[in-house]
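Report on the structure
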Amino acid sequence: MVPAIVLMTIVLAYPLLYAAQISFSKFDLMTFGPGKWVAFDNYWKVMRDYRFWESMRVTLVYLAYSLPIQIVLGFGIAYLINAPWWGRSMVRATFIIPMVVAPVVAGGVWKMILDPLWGIANYFLGFFGLGPFNWFADPNLAMASIVIIDIWRWTPFVVLIATASLLSLPKDVFEAAKVDGANWWQTLFMVAIPLLVPVLAATFIVRWLGAVKMFDIVLASTVGGPGTSTVVVNLYIYEEAFRGLHFAESSAMAMIVLVLTMIVTAVLLAVSRKLEDIN
């Protein structure tokens, strides 16, 4: 266990403790390290920073739209492609593609797709008499763009988990439902979903931990605009640290986000265990 403990200490514990130390200090740009100890002063500054709390609100809005859609779409698509039909293996393989695309590349490509003048999205919407939409100039559409890109990129991950879960379900339960005369929708809602509730909860937790780190797609597509409508909390921390050079305050923000994430994750894990006990 010693090599593993040493490796975890180097790559995880040390950077975390160093960031915590900076959050309680006045950052010295000359030495580029923690300087005078200031206790909770940096945290009080963050608590009074309305822009930080606004970025937290933006992050919550993004999570509230993106995560539920990904879970519903992912499990729905997995249920469809697990049904016996020709070509489903090829369809399964294509769903992996968005996952292997780098986030910055995905953001850049979607920025071109949603371009108000030359983007293919407005071109196709024009066939239905819709648009053109200036996706990155309207605050609501800009947030919708981020949600769309994130759904495109991470729904396949949910599909993979859901597919593996569906394949592991006992076949006799579905056969019994078929014998009892259950149709496709009844089998889905009365058999498959109740059996998959613990997996749904676990998948939501995994995606929550990934989505709360949203940064690169926003940086590559909207850069937080228009205004601050898509400035998620990690982008704000980055801007404050590496452009505003407020490393101490940014470290305090990161510690606050870390603690809040741990609390929410603990609650979600407790709910997940309850659901497992019920099922």
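For the structure given in this document, a descriptive report is provided here.

Criteria and thresholds
Residues numbered from 1 in each chain as written. Predicted model: local features only at pLDDT ≥ 70, side-chain atom pairs only at ≥ 80, totals over all residues. Heavy atoms only, no water. Helix = DSSP H or I, 4+ residues; strand = E, 2+ residues; numbered from the N terminus. Buried < 20%, exposed > 50% of the residue type's maximum accessible area, 1.4 Å probe, protein only. Axes fitted to C-alpha atoms, helices over the stretch in contact; angles between N-to-C directions. Parallel < 35°, antiparallel > 145°, perpendicular 65-115°, else oblique. Left-handed = near helix turned anticlockwise from the far one by under 90°. Contact = heavy atoms within 4.5 Å. Nonpolar A, V, L, I, M, F, W, Y, C, P; charged D, E, K, R; others polar. Patch = residues over 30% accessible without salt bridge, like charges linked within 9 Å, V, L, I, M, F, W, Y side chains within 5 Å. Areas by Shrake-Rupley, 256 points an atom, 1.4 Å probe, with all protein chains shown as cover. Salt bridge = Lys/Arg side-chain N within 4 Å of Asp/Glu carboxyl O. Phe/Tyr/Trp six-rings, centres within 6.5 Å; stacked < 30°, edge-to-face > 60°. Pairing = 2+ DSSP bridges.

This brings us to the environment of Gly-225. Examined against the element boundaries, Gly-225 turns out to sit in the loop between helix H11 (216-221) and helix H12 (233-242). For Gly-225, a relative accessible area of 11% corresponds to the buried category. Linking Gly-225 and Ala-266, residues 41 residues apart in sequence, is a C-alpha distance of 32 Å.

A word on the packing of helix H3 (residues 50-81) against helix H10 (residues 184-211). Between H3 and H10, whose axes approach to 9 Å, the crossing angle comes to 135°. By the angle between their directions, the pair H3 and H10 is classed as oblique. The two elements H3 and H10 cross, and the hand of that crossing is right-handed. When H3 is examined against H10, the residues Tyr-62, Leu-63, Leu-67, Gln-70, Ile-71, Phe-75, Tyr-79 and Leu-80 are found in contact with a partner set consisting of Trp-184, Thr-187, Leu-188, Ala-192, Leu-196, Val-199, Leu-200, Thr-203, Phe-204, Arg-207, Trp-208 and Ala-211. Here the residues of the contact of H3 with H10 sort into 16 nonpolar, three polar and one charged.

Our next topic: a nonpolar patch on the surface. A cluster of nonpolar side chains, contributed by Val-2, Val-6, Leu-7, Met-8, Ile-10, Val-11 and Leu-12, occupies part of the molecular surface with about 680 Å² of accessible area. Considering the arrangement of structural elements, one finds Met-8 in helix H1 (residues 2-23). Judged by relative accessible area, which is 46%, Met-8 ranks as partly exposed.

All right, on to the packing of aromatic side chains then. The tally for this structure, following the rule as stated, stands at 19 aromatic pairs. Ring plane angle 85° and centroid distance 5.2 Å describe the contact between Phe-24 and Phe-40, whose orientation is recorded as edge-to-face. Highlighted residues: Phe-24 in the loop between H1 and strand E1 (25-28) and Phe-40 in the loop between strand E2 (33-37) and helix H2 (41-47), separated in sequence by 16 residues. The class for Phe-24 is buried, based on a relative accessible area of 19%. Ring geometry for Phe-24 against Tyr-43: centres 5.1 Å apart, planes inclined by 40°, an arrangement best described as tilted. Of this pair, Phe-24 sits in the loop between H1 and E1 while Tyr-43 sits in helix H2, and the two are 19 residues apart along the sequence. Each member of the pair, Phe-24 as well as Tyr-43, carries the same accessibility label: buried.

The next subject is the pattern of salt bridges. Counted under the stated rule, the structure contains five salt bridges. For the salt bridge of Arg-51 with Asp-49, the shortest nitrogen-to-oxygen distance reads 3.4 Å. Among the ionic pairs, Arg-243 bridges to Glu-239, the shortest N-O distance being 3.6 Å.

Where E1 meets E2, three bridges bridge the pair, whose relative direction is antiparallel. Note on E2: the bridge partner recorded for Ser-25 is Trp-37. Turn length for the E1-E2 hairpin, with the two strands adjacent in sequence and antiparallel, is four residues, and the turn residue Phe-32 shows positive phi of about 50°.

Put simply, Gly-225 and Pro-226 share a cis peptide bond, and its omega is -5°. Within the secondary structure, Pro-226 is located in the loop between H11 and H12. Phi is positive for Phe-32, close to 50°, though the residue is something other than glycine.

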